[in-house]
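What the coordinates show
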Amino acid sequence: MAESLPEHERILQEIESTETACVGPTLSTCTRFMKVVVCSATWLCTRCSAAFNGMCAGCLKHHLLPIEPTSVGGPSSEAEVKQRNITTVVEKLQLCLPVLEMYSKLKEQMNVKRYYSALKTMEQLENICFPRVSQYRFCQIMIENLPKLREEIKEISMSDLKDFLESIRKHSDKIGETAMKQAQQQKTFNAALQKQNNLSYGRNVYINNDGVPETRNEMVLKQNLEEEEEHEDEVLTAHDLVDFSPVYRCLHIYSVLGDAETFENYYRKQRRKQARLVLQPQSNMHETVEGYRRYFSQIVGFFVVEDHILHVTQGLITRAYTDELWNMALSKIIAVLRTHSSYCTDPDLVLELKNLIVVFADTLQGYGFPVNRLFDLLFEIRDQYNETLLKKWAVLFRDIFEADNYSPIPVSNEEEYKIVISKFPFQDPEIDKQCFPKKLPMSQSVPQIYIQVKEFIYASLKFSESLHRSSTEIDDMLRKSTNLLLTRTLSSCLQNLIKKPHIGLTELVQIIINTTHLEQACKYLEDFITNITNISQETVHTARLYGLSTFKDARHAAEGEIYTKLNQKIDEFIQLADYDWTMTEPDGRASGYLMDLINFLRSTFQVFTHLPNNNNDHAAMSGKVAQTACMSACQHLSTSLMQMLLDNDLKHISMGAIQQFNLDVIQCELFASSEPVPGFQGETLQLAFIDLRQLKLLQLNGIAAVYVLAYAVETTAP
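1. Some details on the overall build of the protein chain
- Each helix and strand counted, the protein chain has 27 helices and four strands in total.
- When burial is assessed residue by residue, the protein chain has 45% of its 718 residues classed as buried.

Next up, the structure:
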């Protein structure tokens, strides 16, 4: 039945049947009724008398408006009263209608989560709408409800902010990885562009697909640009990975509520906590480069977000705040890197760490953060990198020395000869004149050592790149690290090699030859460094390589070891001596042990003829090794023979024994006079046996026994 009634009658029935407590539906129904009243004023006049009492009763129940009671009277006065009441109702409802519509709009905004607009609507209600209808009860109910709505909005906004903070915490590494990738691509592009600008144009002209002539450099640069454009769409930004709208909304909401300071303090406090978590590395971060990359990505992501918040919001964070946060983080980062990098023993891993730090620093520098302290840290890590390189090259040098046969390099033809000189700068006009096959004086270890020194320089240069240093500084770094390689690592390996028991005299002689050639090659190493740094050696502050002293010290050690080993070998032969000091007649020839010793010395000194003896001041020193070794051997032999005569256990020497001993002395003198090593002047070498020669003269005078006895008594007296 109700469905068949007209719209206005149905609304009136709803008003009449409304419960007192249901303010909301009543107001809504009244609003709808007012619209019908406004549209159907004529119809209202004819029907109001039937429904007026019910409507007024409903309005009075809710204290919406005062209604003039109908007086008992004639029909005409009663109709006038009803007419005035209807007019009053219409006026009051027209006054309440905007408030009701505004409040309905507020509820709708809350439902669709347009909280900032809802707050603005609340302001309009409080400042404009509510003062007009403040005398009504429904207005008081609305006024009491607004603080609850505001609190609800604050709670919802704070919940959204917490979700946002959790989101950026999870996506920090991805944001940082993206930012670092963009910075690296930009750096690569700039380097390619700079290289292109430094190259001359007008050469290597090609015709492209459009028939337009281009240089080779232009084509390469265009190809690089096209590749960059292809990958440009794949690179995501922080906006693509994180929705920043919650923080914007929350900031606006708290600003409208007059509580922006609370929001700012909460945001900064939570971000500081997240910063401490981000800066805390994993315990095994130093084991792989991925551990370092993840650590850097999280930090970059954190500060990229902060930089974004700084520039898109007003007052949430300030530059002073980000600078303070960055300085705190930078100190922590440097301490972490200093600790974890000290665990790295692989130079390749240290080099990758350096590259990551450079990209990390360049990325954050692009966002306005100072990174000078990071590059200062790289100098510390560079020293550690050099240490790991030195340890690695020490193993390489030891392996090379162990594998060397310490024999001159044989070359059978021109091709083999070119292979050798392509590895080592060997120049000797005399050897060049010789026909194949021939031998080069140094052994296989020399070109291998030279190649490894160059490889070390390359490896050291890799770390020096991208450190924002001048060519002069890089040149100085390379020379200092190369000096460390020569003076510490290579020198130590040579010293250890010389002291090894299995290294004999032949090997020691070859080591002297090798060090001489390596010493001469130092100037080529200096030229090599100059070529890769473009710094002239005439530069005032250019350091020099200390290879000369390194190889000179090694050569002196080898020479000393030669003298020591020769004397030890002589002692071994002397121990074989078995004189019969009571013999009546000599054997008529020198003792067998002495002949073997002399033959050994002759063959040994022949090896010394291979020592280089050029006009070069450094190489000329090697020619004296043979003379010094020969003189040292003869003096040691003379002293050893004399000690036999002065032995405390020797109580009596027969004339036959003295004659036999004289035969051995004569043989020693013959060996000295035969010039086993060229270069001695006059009878210099024979002077080593002068004491034994005097003993021979005493014997010829027949007073040898008396002399020996007197000499023994004199030298053994306390």
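There's more to say after this.
2. Details of the pattern of salt bridges
- For the coordinates displayed, the defined rule picks out 18 salt bridges.
- One salt bridge connects E306 with R271, and the closest N-O pair in it is separated by 2.7 Å. One end of the pair, E306, is in helix α11 (residues 289-312); the other, R271, is in helix α10 (residues 260-278), and 35 residues separate them in sequence. For the pair shown, E306 and R271 are each scored as buried.
- Of the charged contacts, one joins E572 and K569 as a salt bridge, the two residues approaching to 3.4 Å between their closest N and O atoms.

3. Here we look at the environment of L356
- Examined against the element boundaries, L356 turns out to sit in helix α13 (residues 347-366).
- Take L356: its relative accessible area is 9%, and that puts it in the buried class.
- Along the backbone, L356 and Y292 are 64 residues apart, and their C-alpha atoms lie at a distance of 7.8 Å.
- Ignoring sequence-local partners within four residues, the contact set of L356 consists of M180, V289, Y292, R293 and F296.

4. A few points about α13
- The terminal C-alpha atoms of α13 lie 29 Å apart, and with 20 residues this matches the ideal 28 Å at 1.5 Å per residue to within 8%.
- With 15 of 20 residues buried, α13 lies mostly within the body of the structure.
- Its side-chain oxygen placed 3.1 Å from the backbone nitrogen of D348, D346 serves as the N-cap of α13.
- Backbone geometry just after α13 places G368 at a positive phi near 95°.

5. Considering the side chain of T388
- Within the fold, T388 resides in helix α14 (residues 372-403).
- With near-sequence residues (within four places) excluded, T388 lies in contact with C344, T345 and P347.

6. Let's talk about the environment of E559
- As for its placement among the helices and strands, E559 is situated in helix α21 (residues 547-574).
- Along the backbone, E559 and L508 are 51 residues apart, and their C-alpha atoms lie at a distance of 7.6 Å.

7. Some remarks on the packing of helix α19 (residues 505-520) against helix α20 (residues 522-533)
- For the pair α19 and α20, interaxial distance at closest approach is 4 Å and the crossing angle is 35°. Every residue of α20 that contacts α19 at L518, E519 and Q520 is listed here: C522, K523 and Y524.

8. Notes on the nonpolar core
- Counting 162 residues, the largest nonpolar core has F296, I333, F360, I562 and L641 as the members making the most contacts within it.
- The biggest single contributor to this core is α14, with 13 residues.
- Beyond its immediate chain neighbours, meaning those up to four positions away, F296 contacts M180, L337, L353, L356, I357 and F360.
- C96, M110, M142 and I153 belong to the second largest nonpolar core, which has 23 residues in total.

9. Re the confidence of the model for the protein chain
- Mean pLDDT over the protein chain: 78, with 76% of residues reaching 70 or higher.
- Ignoring residues within four places in sequence, the model shows residues 227-233, a span with pLDDT below 50, making one contact including any to other chains.
- Contacts from residues 614-622, a stretch scored under 50 in pLDDT, to residues over four places away or in other chains number 16 contacts.

10. Focus on the environment of T482
- Along the chain, T482 turns up in helix α18 (residues 471-499).
- Distance in space between the C-alpha atoms of T482 and Y546 is 8.7 Å, their sequence separation being 64 residues.
- If we ignore the near neighbours within four places in the chain, the residues touching T482 are V453, F456, I457, I529 and L545.

11. Notes on the packing of α10 against α11
- Interhelical geometry of α10 versus α11 gives an angle of 160° and a closest axis separation of 10 Å. What the angle tells us is that α10 and α11 run roughly antiparallel. You can see that α10 and α11 cross each other, and the crossing is left-handed. On the side of α10, the interface is formed by Y267, R271, Q274, A275 and V278, while α11 contributes Y295, Q298, I299, F302, V305, E306 and I309.

12. Here's the deal with the side chain of N567
- Assignment of secondary structure puts N567 in helix α21.
- With residues near it in sequence (within four places) discarded, N567 still touches S632, A633 and H636.

13. A few points about unusual backbone geometry
- In the segment running from F436 into P437, the intervening peptide bond is cis, with an omega of -5°.
- Note on placement: P437 falls in the loop between α16 (429-433) and β4 (438-440).
- The phi dihedral of E675 falls on the positive side, at around 50°, and the residue is not glycine.
- Its location among the elements puts E675 in the loop between α25 (655-673) and α26 (690-700).

14. Notes on the packing of aromatic side chains
- Tallied over the entire structure, the rule returns 22 aromatic pairs.
- Centroid distance Y295 to F296: 5.9 Å. Interplanar angle 55°. Geometry classified as tilted. As far as the burial class goes, Y295 and F296 line up, both buried.
- Seen from their ring centres, F605 and F671 are 6.4 Å apart, and the 25° between their planes marks the pair as stacked. With F605 in helix α22 (residues 592-607) and F671 in helix α25, the pair connects residues that are 66 residues apart, well separated along the chain. Side by side, F605 and F671 carry an identical accessibility label, which is buried.
- Through successive ring pairs, a cluster of aromatic residues spans F302, F303, W326 and F369.

15. Quick word on α25
- With 19 residues, α25 should reach 27 Å at 1.5 Å per residue; the first-to-last C-alpha distance of 26 Å fits that figure.
- For α25, every residue scored as buried is listed here: G656, A657, I658, Q660, F661, N662, D664, V665, C668, E669, F671 and A672.
- Directly beyond the C-terminal end of α25, a positive phi value near 50° is found at E675.

Cut-offs used in this document
Residues numbered from 1 in each chain as written. Predicted model: local features only at pLDDT ≥ 70, side-chain atom pairs only at ≥ 80, totals over all residues. Heavy atoms only, no water. Helix = DSSP H or I, 4+ residues; strand = E, 2+ residues; numbered from the N terminus. Buried < 20%, exposed > 50% of the residue type's maximum accessible area, 1.4 Å probe, protein only. Salt bridge = Lys/Arg side-chain N within 4 Å of Asp/Glu carboxyl O. Contact = heavy atoms within 4.5 Å. Expected span 1.5 Å × (residues − 1). Polar contact = N/O pair within 3.5 Å; in protein donor to acceptor, adjacent residues only side chain to side chain. Axes fitted to C-alpha atoms, helices over the stretch in contact; angles between N-to-C directions. Core = buried A, V, L, I, M, F, W, Y, C linked by side-chain atoms within 4.5 Å. pLDDT = per-residue confidence, 0-100. Parallel < 35°, antiparallel > 145°, perpendicular 65-115°, else oblique. Left-handed = near helix turned anticlockwise from the far one by under 90°. Phe/Tyr/Trp six-rings, centres within 6.5 Å; stacked < 30°, edge-to-face > 60°.

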